[in-house]
Each structure stands twice: as structure tokens, then as C-alpha cells.
Amino acid sequence: MTTLLTIVLLITAFFVGMNMWTRRLTRDGLKRVPQLGDIVLVNGGSIHYVEKGDPSKQTIVMIHGLTGQLQHFTYALVDILADDYHIIAVDRPGCGYSTRDSADLGRLPEQARMIQEFLDTKDISDAVLVGHSLGGAVSLAMALEHPDKTKALALLAPLTQKMATPPQVFKPLGIRIEWLRSLMGNTIAVPLAAKTAPHTLSIVFDPEPAPKDFLDRAGGALGLRPSAFITGSQDVVGIDESIDAQMARYAELTVPGGILYGAQDAILSPQKQGEPMKPFGLTSDTIDKAGHMILITAPDACAAFIRRITEAARVEATNKTV
């Protein structure tokens, strides 16, 4: 009995220690990456967003990927485009400083609904959607559900097809039991993420180097919070539960646009994820010697791509009205 009690006390002490470490990392992350914008309540949570540029110009809405935050766009792209467009970058529901109330809201249609509801409160009905990675899948869901409110799709390294398994770096997120997500998120997940961050970033950015200021300027420190792990896990499961139904609807896609990948993307294959979208009206191009995080490593090329897609959509819309 004494041995058993000792083991229980040691395990308890371990988890208490991990929780204290997690709390410290969370406080540090919030201090290093403060809230940049405003928050709007929507059904099921809230959307945190940053807005820049003239609202009378074409609106471009930017949606980040898995375990990310809007700072992936404010890192460079927002400023590059803000002189010519009205830019809104959002934290996806549950990410950054946005919130969501339940795990089922990680499904693609629900994330799309919440972001569209936010755009409706802003009276935005003709947005060009710039979605990166998982944000690309959410953008496609918005275009399928609200083609009348989506002017074009300019997708950066998007997830479009079901994968047999998540990319290796994201496999630890594939937890389907909510209490286990919460336990891990509040104990071992965040300290482990902090310790392995350099290795993780090297994989995500491969073959390019991760910028040294990623944790601060790109908001990476916000990922060192229990909510970030829990949301990421819900997202991985939500994708698996909803991507098949979304793929079955691609033939309904009427919104014009295109896709841009890094040719050496180590997370999502341009051949497996981009090429299959060509029959549905989306172009697919690549940037040579670039990886998955092109919105940070190749912002000028991404901005040129977004401008091209936006201008083509403007010309198409004008021709339809003539």
C-alpha cells in the first residue's frame, strides 16, 4: 500500500508540476503576443480580427492554418497589400484570441459559418478569401456555402483533399476524447511543444529556414497554451469528420480563383492537393524551392498571386455586368 501511495503521489506531483509549467508558458505567450485587434461575438464563440486599408476598396479576408494565428499574415502580407485593398485577417474560431464553445465547431462547415457570420456583421458580401493550409479548406467551405458572398479564392498551400493520416508533425493532435485533450493540453503538451519547437518549425518550414522572430512577430508563442493544443486536436478530428462531404461538393464550386504552393512543400503535396482542384476551375501554381510557409517566406510572390487573382475576378465580374 505504501508503494502504491508513493507512486500515486509521484504521478500527481508530476502532473501538478507540468500544469504549473504550462501556466507559466501561457502567461509568457500572452505577454509576447498581445491582442492586436477587435473581437466580435458570433454564434458559438467569437472572432478576433485585424483590419487595415480603405474599406471602400476590394476586401481581402485572410484565414490562417492549423495551430496558427492571424500574425502569420500580419508578419508581412497585410502591410504589402493594405495600400491597395481593404484587408481583414482573422483568428480562426478557437485560435489566437478567437474562441469556440465546443469541439464539434472544429468541423469545416462550422468554422466557415462562424467566419461568414462575422463578415456579415461587417457588411462584407464580396470578399476575396486568402486561406492558408487548413484556412484554405475553410475558405473552400465558405465558397461552397456562400458563393454569392465570395468573389474569389486565392489559396496558399491549401488543404483540399483527405489525407490517410495527418502530416507526421501533427499526428500527436489526433486525440478524439475531449477529457484526454484537456488533460494533455493542461499538463504535458505545452512544455513538450516548447521543448520541441525548433524541430517542429524546421519540419513545417522545410526546405526553408524558419525565421528567428517566428514566436514573436508571427505569433508562434500563442501556440504555447492549452487552448492552442485543444483547438488543434479538435481541428484535426473535425477535418477528418467533414472533408469527405466537402470533397463531394467540389463540382458545385462556382467561385473563380487559384492555388499557390511552395514546390517543395513538406506538409501538403502540390500534386496531391492542388492538381485535383483544376477540374473545378482553380488554377494551381508553385514557387520553386519554397515550402509550406510561403505566406511568411515568400510574401512578395504571394502578394503578386493575390493581386492577380483579385484583378481577374474583378474583370470577370465586370464582363458579366456588361
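Everything that follows concerns the structure shown earlier in this document.
Residues numbered from 1 in each chain as written. Predicted model: local features only at pLDDT ≥ 70, side-chain atom pairs only at ≥ 80, totals over all residues. Heavy atoms only, no water.

(A) Region of interest: the overall build of the protein chain. Helix and strand counts for the protein chain stand at 12 helices and nine strands. Here the protein chain has a C-alpha radius of gyration of 20 Å; the compact-globule value for 322 residues is 20 Å, and the two agree. Along the longest, intermediate and shortest principal axes, the C-alpha atoms of the protein chain span 85 × 35 × 35 Å. Put simply, 81% of the contacts in the protein chain that link residues at least 6 apart link residues at least 24 apart. Surface accessibility of the protein chain: about 14200 Å² in total, with carbon and sulfur atoms responsible for 59%. (Helix = DSSP H or I, 4+ residues; strand = E, 2+ residues; numbered from the N terminus. Rg over C-alpha atoms; globule rule 2.2 N^0.38 Å. Contact = heavy atoms within 4.5 Å. Areas by Shrake-Rupley, 256 points an atom, 1.4 Å probe, with all protein chains shown as cover.)

(B) Up close: a nonpolar patch on the surface. Residues Ile177, Trp179 and Leu183 make up a contiguous nonpolar surface patch of roughly 320 Å² in combined accessible area. Following the sequence through the fold, Trp179 ends up in helix H6 (residues 178–185). Overall, Trp179 belongs to the exposed group, its relative accessible area being 59%. (Patch = residues over 30% accessible without salt bridge, like charges linked within 9 Å, V, L, I, M, F, W, Y side chains within 5 Å. Salt bridge = Lys/Arg side-chain N within 4 Å of Asp/Glu carboxyl O. Buried < 20%, exposed > 50% of the residue type's maximum accessible area, 1.4 Å probe, protein only.)

(C) Examining empty space enclosed by the protein more closely. Under the counting rule described, the total for this entry stands at one cavity of 30 Å³ or more. Quantified by volume, the largest cavity comes out at close to 70 Å³. Lining the largest cavity are Thr67, Gly68, Gln69, Gly94, Cys95, Gly96, Leu222, Gly223, Arg225, Ala228, Thr231 and Gly232. For the lining of the largest cavity, the class distribution of residues is three nonpolar, eight polar and one charged. (1 Å grid on protein atoms, 1.4 Å probe; cavity = no way out; pocket = protein on both sides within 12 Å on 5 of 7 lines; lining within 4 Å. Points joined across faces, edges and corners; volume = space filled by probe spheres on them. Nonpolar A, V, L, I, M, F, W, Y, C, P; charged D, E, K, R; others polar.)

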